[in-house]
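Take a look at the letters that make up each chain.
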Amino acid sequence: MMETLEFQAEARQLLQLMVHSIYSNKDIFLRELISNASDALDKLRLAKLQDGLEADISDLHIEIEADPEARTLTVRDNGIGMNRDEVIDLIGTIAKSGTAELLSKLKEAKESPELIGQFGVGFYSTFMVADKVTLVTHKAGTEGHGTRWESDGGGTYTIEDAEDAPVGTTITLHLRPKDEDDALFDYAEDWKIREIVKRYSDFISFPIRKGEETLNSQKALWARPRSEVTEEEYHQFYRHISHDWSDPLEIINMKAEGTFEYEALLFIPSRAPHDLFQRDARRGLQLYVKRVFIMDDSKELIPDYLRFVKGVVDAADLSLNISREILQQDRHIQMIRRRLVKKVLSTIKDLMSSNPEKYATFWREFGRAVKEGLLSEPDNHKPILEISSFSSTAGTEPTTLAAYVERMKDGQDEIYYLTGETRSQVENSPHMEAFQAQGYEVLILTDPVDEIWVDAVPEFDGKKLRSIARGSVDLKKDDAEPEKEPEGDFAPLLGFLKEKLDEQVKEVRLSHRLTTSAACLVSDADDITPALEKMYRAMGQDGPRVKRILELNPNHPLVSGLRSAHEGNADEASLPDTAELLYGTALLAEGGDLEDPARFAKLLADRLAKTV
Ligand code: ADP
């Protein structure tokens, strides 16, 4: 019985975009079909090798058939196939997260291959060249009939049983009339098909046949010397494995011989995927054993902080039916992983000098992820820090730590940084004042991960990393002027403030870091910062609130005035309010959150009312 079903809303929108040809290069539909077919063949071989599925894998191949008269093009594979539910799930819906959001962006930007690339539109791209698509499929290992699916790319598709469908999948395109002005070629023509296969799919490891002939060389790209492979071939292979339509930023070849042989072909993308920071995103490399595809998304081969790296590892000495569980413990795999990490990090380091522009792109796209490695891989602190860059008060361009160290002032032996939410918040923080006044460079760290890794990294090049909002500051003054105000004169006021603000702060002291502000809050050297506290709370971990230290600028008129007022009459009724205002202002100045903003506003309004 034939049923008519509706596409899921997002799938419908995407189809609309395909029908209306958002992408100018229509040739790629064939690449997508061949890529899917190749995956299906890999899956069938695996199902047999690993799960013992009864299947004939003696002649896995892809077949292309064109009928210029009937204007049809057929791509057939004898791979894993799909059952009815899978057809509905896989072809009728788009499961990927973030799709709706991307679709709305896509509608705004008309011609935008980068955005399309993020969907892996795959099968739907057939509707760029066909006004009707028929898919007949039969899942390997299932008895009886297969499934026939058909759609004209509108809102619905039909689905029905297909008697006598062989195992695998056959996709037939009813081609639209050719329209070369719109880059819509005659895809039933023999030369066009050959051209596309050669250009986009030559490396596919299964034969792609047309009639008696095999159209592709089937050579595994990673096994060929780099000098013999064109840039274009690498790029097409990258697309096949990554579903990213933009070209990679960097290509890495590796080959190890000896007791444990492997070859690797890695790609550093030029753009971060939209799901780089989503925990459920696909990541990992493809694992092959002696040219045989074993698994996708092998996370064991590359650490999480390098999850954006794509590629293939072909190991010679693993068993074909190795499982993920075994993989995790295999020491060869761990060794490969270590070497890959080393190679990726050193490649990026080389880029810094050989191609600073590429490096800048890399860091902009992936820096946030790379810094996670400072937490997870203590052994690699050094190489990771060496390829990192940070915003700094020294200029608008990010700087490396090595460059910072070179610029350090005489007598400076620590690397200063300040974390915060935005550059301007950090730059204008009271903590900066003395550093700026005396020309000390401070790194501006504004990524959430910065709050955390700084605690894990003790030093770089023998120089301690030091938050300027923590501990006490002892900057070597240029004009070695003696402190004008000895602490003693302020002792009664400091004591008074400590008592009044006991709930909020653990200490009140005079500051060496302020030049223009009256007060600021600093964390004790060993305490966690308020931003970190906030992050822990956001993650549901409730800890005690950590009190900070209130530092006062003895040269500020407000502070000296307060001292006189307190000296004059320690019981003056307005003093406690002033203490609260002082604390609240210090909190606001660093971008912190007042506990009771309404109360602060009232205190301030009352005080202002007295002065107008
Ligand atoms: P993608 O390939 O990016 O996942 P597609 O829309 O091209 O997206 O395909 C969706 C899914 O449909 C594939 O992931 C696969 O599971 C299934 N599929 C597509 N073509 C085939 C095929 N020839 N044989 C078996 N399954 C297929």
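Residues numbered from 1 in each chain as written. Predicted model: local features only at pLDDT ≥ 70, side-chain atom pairs only at ≥ 80, totals over all residues. Heavy atoms only, no water.

Engineer: Can you explain the layout of surface pockets? Please cite residues and give values.
Structural biologist: The space that makes up the second largest pocket amounts to roughly 1300 Å³. Taken together, 48 residues make up the lining of the second largest pocket; nearest its centre are P530, R548, L587, G592 and D593. Going through the elements one at a time, β17 (414-419), α14 (423-427), α16 (448-456), α18 (530-538), α20 (575-589) and α21 (597-611) are the ones with two or more residues in the lining of the second largest pocket. Of the residues forming the lining of the second largest pocket, the biggest block, six residues, is contributed by α18. (1 Å grid on protein atoms, 1.4 Å probe; cavity = no way out; pocket = protein on both sides within 12 Å on 5 of 7 lines; lining within 4 Å. Points joined across faces, edges and corners; volume = space filled by probe spheres on them. Helix = DSSP H or I, 4+ residues; strand = E, 2+ residues; numbered from the N terminus.)

Engineer: Any details on empty space enclosed by the protein? Residues and values, ideally.
Structural biologist: Picture a little ball the size of a water molecule; that probe, rolled over the atoms, points out where space is still empty. Under the definition given, this model contains two cavities of 30 Å³ or more. If you add up the space inside the largest cavity, you get close to 50 Å³. Along the walls of the largest cavity sit R31, E32, S35, R239, H240, H243 and W245, which together make up its complete lining. Elements represented by at least two residues in the lining of the largest cavity include exactly α2 (28-51) and α7 (231-242). Per-element accounting of the lining of the largest cavity gives the leading share, three residues, to α2. Across the lining of the largest cavity, the residue classes tally to one nonpolar, three polar and three charged. (Nonpolar A, V, L, I, M, F, W, Y, C, P; charged D, E, K, R; others polar.)

Engineer: Requested: an account of the domain arrangement of the protein chain, with residues and values cited.
Structural biologist: Per the domain assignment, the segments making up the protein chain are domain 1 (3-218) and domain 2 (226-357). A straight line from the C-alpha centre of domain 1 to that of domain 2 covers 26 Å. (Domains from an automatic or database assignment.)

Engineer: A description of the pairing of β17 should follow, citing residues and the corresponding values.
Structural biologist: Counted residue by residue, β17 has six buried out of six residues, so it is predominantly covered. The sheet contact formed by β17 and strand β18 (residues 443-445) spans three bridges and is parallel. Residue pairing in the sheet places L418 in a bridge with I444 of β18. (Buried < 20%, exposed > 50% of the residue type's maximum accessible area, 1.4 Å probe, protein only. Pairing = 2+ DSSP bridges.)

Engineer: Could you give me a rundown of the packing of aromatic side chains, with the residues and numbers involved?
Structural biologist: Scanning all chains against the criterion turns up 22 aromatic pairs. Their ring planes at 45° and their centres at 5.2 Å tell us that Y238 and F267 sit as a pair that is tilted. Placement of Y238 in helix α7 and of F267 in strand β11 (residues 262-268) is noted, with a sequence separation of 29 residues between them. There is no split in this pair, since Y238 and F267 are both buried. Centroid distance Y416 to F435: 4.9 Å. Interplanar angle 70°. Geometry classified as edge-to-face. (Phe/Tyr/Trp six-rings, centres within 6.5 Å; stacked < 30°, edge-to-face > 60°.)

Engineer: Residues and numbers for the sheet that holds strand β10 (residues 250-256), please.
Structural biologist: Strand order in the open sheet formed by five strands is β10-β11-β14-β12-β13, with mixed pairing between adjacent strands. At either margin of the open sheet sits one strand with a lone partner, and together these are β10 and β13 (292-298). Direction aside, the axes of adjacent strands within the sheet are offset by 15° on average. Of the strand pairs in this sheet, strand β12 (residues 285-289) and strand β14 (residues 310-315) are connected by four bridges, and their pairing is parallel. Note on β14: the bridge partner recorded for L287 is V313. Contacting β10, β11, β12 and β14, helix α9 (residues 331-354) crosses the sheet at an angle of about 140° to β10. (Axes fitted to C-alpha atoms, helices over the stretch in contact; angles between N-to-C directions. Contact = heavy atoms within 4.5 Å.)

Engineer: Which residues make up the packing of α16 against α18, and what values do they have?
Structural biologist: Contact geometry for α16 and α18: axes closest at 10 Å, N-to-C directions at 110°. The orientation of α16 relative to α18 falls into the category roughly perpendicular. Once α16 is placed against α18, the crossing between them reads as left-handed. Mapping the contact onto sequence places P448, E451, I452 and D455 in α16 and A531, L532 and M535 in α18. (Parallel < 35°, antiparallel > 145°, perpendicular 65-115°, else oblique. Left-handed = near helix turned anticlockwise from the far one by under 90°.)

Engineer: Explain unusual backbone geometry to me, using residue names and the numbers behind them.
Structural biologist: Phi is positive for A183, close to 55°, though the residue is something other than glycine. Secondary-structure assignment places A183 in the loop between β7 (168-175) and α6 (190-201). A positive phi angle, close to 45°, is found at K290, a residue other than glycine. Counting through the fold element by element, K290 comes out in the loop between β12 and β13.

Engineer: Could you give an account of helix α1 (residues 9-19), naming the residues involved and the relevant values?
Structural biologist: One full turn of an α-helix is made of 3.6 residues, so residues set three or four places apart face in the same direction. Of all the residues in α1, the buried ones are A11, L14, L15, L17 and M18. Seen end-on, α1 carries its buried residues on one side only, within an arc spanning 155°. (Arc of directions from axis to C-beta.)

Engineer: Before we move on, could you go through the sheet that holds β7 and cite the residues and values that matter?
Structural biologist: Sheet architecture is open: nine strands sit in the order β1-β6-β5-β4-β7-β3-β2-β8-β9, paired in mixed fashion. Single-partner strands in this sheet number two, and they are β1 (3-6) and β9 (213-214). One ladder, built from eight bridges, connects strand β4 (residues 130-138) with β7; its direction is antiparallel. Bridge assignment links T137 to a residue of β7, and that residue is T169.

Engineer: Which residues make up the pairing of strand β15 (residues 389-392), and what are the values?
Structural biologist: Note that β15 and strand β16 (residues 395-400) share three bridges and pair antiparallel. From the neighbouring strand, F390 faces β16, where its bridge partner is T399. Hairpin remark: β15 followed by β16, antiparallel, with two residues in the connecting loop. Examined bridge by bridge, β15 and β18 share two bridges and lie antiparallel to one another. Within β18, the residue paired with S392 across the bridge is L443.

Engineer: Give a detailed account of α7, specifying residues and quantitative values.
Structural biologist: With 12 residues, α7 extends 16 Å between its outermost C-alpha atoms, agreeing within 8% with the 16 Å of an ideal straight helix rising 1.5 Å per residue. In terms of burial, α7 is a largely internal element, 10 of the 12 residues being buried. Among the residues of α7, E233, Y234, H235, Q236, F237, Y238, R239, H240, I241 and S242 are the ones counted as buried. Those residues of α7 that are buried lie in contact with α2, α6, β10, β11, β12 and β14. H243 sits one or two positions beyond α7 and adopts a positive phi of about 60°. (Expected span 1.5 Å × (residues − 1).)

Engineer: So what's going on with the nonpolar core? Residues and values would help.
Structural biologist: If you look at the biggest cluster of nonpolar residues, it comprises 76 residues, and the most contacted ones within it are I268, L306, F308, L340, F362, I415 and W453. The leading source of residues in this core is α9, at 10 residues. Excluding residues that lie within four positions of it along the chain, F308 makes contacts with F267, I268, P269, L276, F362, F366, A369 and V370. Judged by nonpolar contacts, the second largest core, of 71 residues, contains I91, Y124, F203 and A220. (Core = buried A, V, L, I, M, F, W, Y, C linked by side-chain atoms within 4.5 Å.)

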